[in-house]
Amino acid sequence: LLFRGPRRDLTKPYLAFVGTTESYGKFIATPFPALVEQALGMNCANFGQLNAGIDAFSTDPFVMQAASEAEITVVQVMGAQNMTNRFYTVHQRRNDRLVSTSTLLRTIYREVDFADFHFNKHMLKCLKQVSPDRFAVVRDELQSAWLARMQLMLNRVNGKSILLWFSDHAPEDEGTGAADDIGRDPLFVTRGMMDEIAPYATTVIEVVASGDAISAGTEGMVFSEMDVMAASKLLGPIAHQEVADALVEAITALR
């Protein structure tokens, strides 16, 4: 895995950040790990990966070693769709990409041509459109796999850990939703799942972007004209500052 630079010194003490697109800071000049580093004056190693799921890190010995040796590791809550499970296999590094589907999934959805899918989210949206009832079986499998994988990863962090929820909404139970609505990121992670995984972290922080952060849209973000749509789906610098402020307070209390 390659990470956002510049390279950080992993001489102890340092803080480690493990997470997906928000941790990486796509379109953000100074993402929240860098803001925490500026506020605390302490090396912060950002291991965020674009569209990463838990698999990107749990199978990478370097990341898990670095996280275990950090004074405090911040683990962002990642969606449950970008993980290998009983129904499909994802790319080892680019976890949002579909590699193969299992015989079990093809049996459940006999009418679906899985050759059309290259990305997990696209496939899942189509599966729910075809049959919301059968989709519930797939979702349950992803949620069970997420819980098991998160427990394993948090248990491998020897030092203190902060489980970070960063989104435009708080964890919630799934509603019925429209036929093509599979939910909001982090996908399929419910309040009950957060409560179940909480004991495995030293502390849990939930940061829901404020109204000001959401209404700011892409203000202050760095992107080309071709990336306007992608940037509009992500939270901007104001939200990253809100996360950094919450983390600085939590990290100061833990040290």
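The structure this text deals with has already been given above.
Rules of the game
- Residues numbered from 1 in each chain as written.
- Predicted model: local features only at pLDDT ≥ 70, side-chain atom pairs only at ≥ 80, totals over all residues.
- Heavy atoms only, no water.
- Helix = DSSP H or I, 4+ residues; strand = E, 2+ residues; numbered from the N terminus.
- Buried < 20%, exposed > 50% of the residue type's maximum accessible area, 1.4 Å probe, protein only.
- Polar contact = N/O pair within 3.5 Å; in protein donor to acceptor, adjacent residues only side chain to side chain.
- Phe/Tyr/Trp six-rings, centres within 6.5 Å; stacked < 30°, edge-to-face > 60°.

### Digging into the side chain of Gln143
Phase 1 of the analysis: With respect to the helices and strands, Gln143 occurs in helix α7 (residues 132–155).
Phase 2 of the analysis: Owing to a relative accessible area of 11%, Gln143 belongs among the buried residues under this scheme.
Phase 3 of the analysis: At a separation of 2.9 Å, a polar atom in the side chain of Gln143 contacts the main-chain carbonyl oxygen of Phe188.

### What to know about the packing of aromatic side chains
Phase 1 of the analysis: The full count for this structure, using the stated rule, is seven aromatic pairs.
Phase 2 of the analysis: A centroid spacing of 5.0 Å and a plane angle of 75° characterise the contact between Phe3 and Phe47, whose relative ring orientation is edge-to-face. Placement of Phe3 in the segment before β1 (15–18) and of Phe47 in the loop between β2 (44–46) and α3 (54–58) is noted, with a sequence separation of 44 residues between them.
Phase 3 of the analysis: Assessed through its relative accessible area of 26%, Phe3 is described here as partly exposed.
Phase 4 of the analysis: Take Phe47: its relative accessible area is 4%, and that puts it in the buried class.
Phase 5 of the analysis: A ring pair is formed by Phe27 and Phe223, whose centres lie 6.1 Å apart and whose planes are at 75°; its orientation type is edge-to-face. Separated by 196 residues along the polypeptide, Phe27 in the loop between α1 (21–24) and α2 (32–40) and Phe223 in the loop between α9 (211–215) and α10 (228–232) bring together distant segments of the chain.
Phase 6 of the analysis: Residue classification places Phe27 among the buried residues on the basis of a relative accessible area of 10%.
Phase 7 of the analysis: When its relative accessible area of 29% is taken as the criterion, Phe223 is described as partly exposed.

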